[in-house]
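# Inside the fold
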Amino acid sequence: MTIPASANRDPADTSWLNPGAIHAALAASDREDAGRVREVLDKARALQGLTTGEVAALLQIRDPDLSAELYAAARWAKEAIYGKRIVLFAPLYISNFCGNACNYCAFSKDNTALKRRSLSIEEIQREAQVLIAQGHKRLLVVAGESYPNGLQYVLDALEAIYAIRLGNGEIRRINVNLAPMEVDEFRALHAVGIGTYQIFQETYQRDVYAAAHVSGRKRDMDWRLSAPDRAMQAGIDDIGLGVLFGLGDWRFDVLALMTHAAHLESTYGAGCHTISVPRIEPAHGSDFSRAPWNPVSDDDFRKLVAILRLAVPYTGIIMSTRESPQMRRETYALGVSQISAGSRTNPGGYAAHADAEALPDAATMEDFDASQFSLGDHRSLDAVVLELAELGYTPSFCTACYRNGRTGEDFMQWAKSADIKEKCGPNAVGTFMEYLLDYAGPATVEAGTRAIERDIAGMGEKERRIARVIVDKVCGGKRDVYC
Ligand code: SAM
Ligand code: SF4
């Protein structure tokens, strides 16, 4: 990645976050204005993104008819850019030790009743093997903010996961969700070949942030706000941002998140690669998590996903298993492009379940005693894949962009070009076919085979030709075929 000259700015400078300007933008459109909303929705269909003022106008939508128009625009944008593809991944929690006290999280150092565990490298490999045997190709490595052997522990874990070969399976892309680091540490992380560096700001409201982060390094809000700058300066150009909904006012936080993405884009040439939209879920030892200050209703949640889809059309939106199957289904169409499936948020949870198939209740109890939060969707990867295929989506395990060097600004340029259609569709069906041949249950094989035929039939001529070549190679025994 070539870092633009403007990137020489001080990464610790967080003056781009201007609460006054965000409040002013919200106040300027504090009433729902149907004419203005329709104007913005028309503009959004050009797929060039929206300004802060335009996003502020959409954030005021309350009327059900206008909401329906917002959803229609978001569905259209999703389909135009991503087609029917939904990329799958699994989180891998390697350690739940933490030096911070965040009032919403079970891993808080003040939660003395939590069962603490840092997996050994062998245990981490065992977790990854279970996930590979399910068919996963992408992982998100997650940890609390305290590693047994400093960052080296994480680096060793990532290398050990990438080294695994299991039958036809392997992990091809590891994203991470880890605490902020210094530039040199980010360089080391980059050197082991991570995909996206994810960091959720939780909230951009300073008073709320201070109240939720009781002690530990995370109390320093600017250290966290500036982490993506340091990662970019270290050469990591796929950054995943997010807000933890339930803490502050969601409208303010969505607008601030847009400001954050705009800051990264203007400084480094690439905004954020993904946005995550976690809502606070009940967590062991956290009364706050059961009654957060500003819960986001299901209605507002659908709206915020749709608004993000229109505001940053080329940025992936991630939906985790925090949400129920029903909410996940609804938001696929509104803009979600990546989902986790079959997740566990306790270190060692995958192997524990694989080894204790006969004792599901015991394993579930163990989970909550060491997990970060409780989940809304407990279905297996295969059940989620089957449902996606039946709903008309294409489950994708593709990692081609990252491995072809299409990251950061290069990815954004490429995503906006016609090339994306000719490559993403064929790569998605190729990886889906790998899944069907190597991992799927009988019902998924049947529905999936029909889905692949349907997808290929719906492609343009060139795309169809490429897809046929890839699928034929996979059916002929080749793996990891992509363009
Ligand atoms: N410890 C690191 C940090 O805080 O940045 C990284 C991993 S942390 C386990 C990942 C994310 O989980 C946090 O950024 C937070 O947004 C989310 N999280 C924590 N508690 C949660 C809860 N009760 N419900 C939903 N998400 C939660
Ligand atoms: Fe630790 Fe992260 Fe949980 Fe905060 S959110 S307590 S930093 S694991």
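The structure displayed is predicted, hence computed values, not measured ones. (Residues numbered from 1 in each chain as written. Chains lettered and ligands numbered in written order. Predicted model: local features only at pLDDT ≥ 70, side-chain atom pairs only at ≥ 80, totals over all residues. Heavy atoms only, no water.)

### Considerations on helix H11 (residues 250-268)
Over its 19 residues, H11 extends 27 Å from the first C-alpha to the last, a length consistent with the 27 Å expected when each residue adds 1.5 Å. Counting buried positions along H11 yields 16 of 19 residues, so the element is predominantly enclosed. Just downstream of H11 lies Gly 269, where phi reads positive at about 85 degrees. (Helix = DSSP H or I, 4+ residues; strand = E, 2+ residues; numbered from the N terminus. Expected span 1.5 Å × (residues − 1). Buried < 20%, exposed > 50% of the residue type's maximum accessible area, 1.4 Å probe, protein only.)

### Overview of the confidence of the model for the protein
Considering every residue of the protein, the mean pLDDT works out to 92; 93% of them sit at 70 or more. Segment residues 358-363: pLDDT under 50, and one contact once partners within four positions in sequence are set aside and those in other chains are kept. (pLDDT = per-residue confidence, 0-100. Contact = heavy atoms within 4.5 Å.)

### With respect to the nonpolar core
Counting residues in each nonpolar core, the largest one holds 137 residues, and the members touching the most others are Leu 58, Leu 189, Tyr 197, Tyr 204 and Leu 304. Taken domain by domain, this core gets at least three of its residues from each of domain 1 (5-23 + 68-379) and domain 2 (388-475). Beyond its immediate sequence surroundings of up to four residues, Tyr 204 is in contact with Trp 16, Leu 17, Met 221, Leu 225, Leu 241, Val 243, Phe 252, Asp 253, Ala 256, Leu 257 and His 260. By size, the runner-up hydrophobic cluster in this structure holds 21 residues, among which are Phe 89, Cys 102, Leu 140 and Ala 212. (Core = buried A, V, L, I, M, F, W, Y, C linked by side-chain atoms within 4.5 Å. Domains from an automatic or database assignment.)

### Here we look at the pairing of strand S3 (residues 138-143)
Looking down a regular strand, the side chains alternate between one sheet face and the other. Burial analysis of S3 places six of its six residues in the buried class, which makes it a mostly covered element. Side chains of S3 alternate between two faces, with Arg 138, Leu 140 and Val 142 and Leu 139, Val 141 and Ala 143 buried alike.

### Re the environment of Arg 309
Considering the arrangement of structural elements, one finds Arg 309 in helix H13 (residues 298-311). Put simply, Arg 309 and Lys 78 are 231 residues apart on the chain and 7.1 Å apart in space, counted from C-alpha to C-alpha. Ignoring any residue separated from it by four or fewer positions in sequence, one finds Arg 309 in contact with Ala 74, Ala 77, Lys 78, Tyr 82, Tyr 314, Thr 315, Ile 317, Leu 334 and Gly 335. Only 2.4 Å separates the side chain of Arg 309 from the backbone oxygen of Thr 315, close enough to count as a polar contact. A polar side-chain atom of Arg 309 sits 2.6 Å from the main-chain carbonyl oxygen of Gly 335. (Polar contact = N/O pair within 3.5 Å; in protein donor to acceptor, adjacent residues only side chain to side chain.)

### Topic: the domain arrangement of the protein
Annotation of the protein at the domain level lists domain 1 (5-23 + 68-379) and domain 2 (388-475). Put simply, the middle of domain 1 and the middle of domain 2, counted by C-alpha atoms, are 25 Å apart. Counting from both sides, the interface comprises 35 residues of domain 1 and, opposite them, 28 residues of domain 2. For the pair domain 1 and domain 2, the summed buried area comes to about 2700 Å², and 57% of that belongs to carbon and sulfur atoms. Taken as a group, Arg 85, Arg 172 and Tyr 314 account for 25% of the area that domain 1 buries against domain 2, more than any other trio of residues on that side. In this structure, Glu 434 and Arg 172 form a salt bridge, with 2.9 Å as the shortest nitrogen-oxygen distance. Put simply, domain 1 and domain 2 have eight residue pairs in polar contact (both at pLDDT 80 or more) between them. Breaking the side of domain 1 that touches domain 2 down by element, the ones donating at least two residues are helix H4 (64-82), strand S1 (85-95), helix H5 (121-134) and helix H14 (325-334). (Buried area = accessible area lost by both parts, 1.4 Å probe. Salt bridge = Lys/Arg side-chain N within 4 Å of Asp/Glu carboxyl O.)

### Considering the site of ligand 2
Neighbouring ligand 2 are the residues Cys 98, Asn 100, Cys 102, Tyr 104, Cys 105, Phe 107, Ser 108, Gly 144, Lys 218 and Gln 372. Taken together, the residues that form the shell around ligand 2 break down as five nonpolar, four polar and one charged. (Near = heavy atom within 4 Å. Nonpolar A, V, L, I, M, F, W, Y, C, P; charged D, E, K, R; others polar.)

### Examining the site of ligand 1
Around ligand 1, the surrounding shell holds 18 residues, and the nearest of these are Tyr 104, Glu 202, Lys 218, Arg 224 and Gln 372. Glu 281 places a main-chain nitrogen or oxygen 2.9 Å from a nitrogen atom of ligand 1. When isolated, ligand 1 has an accessible area of 560 Å², and the protein chains bury 97% of it. Along the lines of polarity and charge, the residues of the shell around ligand 1 split into nine nonpolar, three polar and six charged. (Areas by Shrake-Rupley, 256 points an atom, 1.4 Å probe, with all protein chains shown as cover.)

### Some remarks on the pattern of salt bridges
Under the definition given, this model contains 28 salt bridges. Measuring nitrogen to oxygen at the nearest pair gives 3.2 Å for the salt bridge that ties Arg 224 to Glu 202. Placement of the pair is Arg 224 in helix H9 (residues 221-225) and Glu 202 in the loop between strand S6 (197-198) and helix H8 (206-212), with a sequence separation of 22 residues. An identical accessibility class is assigned to Arg 224 and Glu 202; each is buried.

### As for the state of the cysteines
Enumeration according to the criterion identifies zero disulfides in this entry. The closest cysteine sulfur to the non-disulfide-bonded Cys 475 is located on Cys 483, 16 Å from its own sulfur. Overall, Cys 475 belongs to the partly exposed group, its relative accessible area being 46%. (Disulfide = S-S within 2.5 Å.)

### A look at unusual backbone geometry
The phi torsion at Leu 47 lies on the positive side, around 60 degrees, for a residue other than glycine. Along the polypeptide, Leu 47 turns up in the loop between helix H2 (34-44) and helix H3 (52-59). Although it is not a glycine, Asp 480 sits at a positive phi angle of roughly 60 degrees. Mapped onto the fold, Asp 480 is located in the segment after helix H22 (461-475). Accessibility expressed as a relative area gives 24% for Asp 480, which makes it partly exposed.

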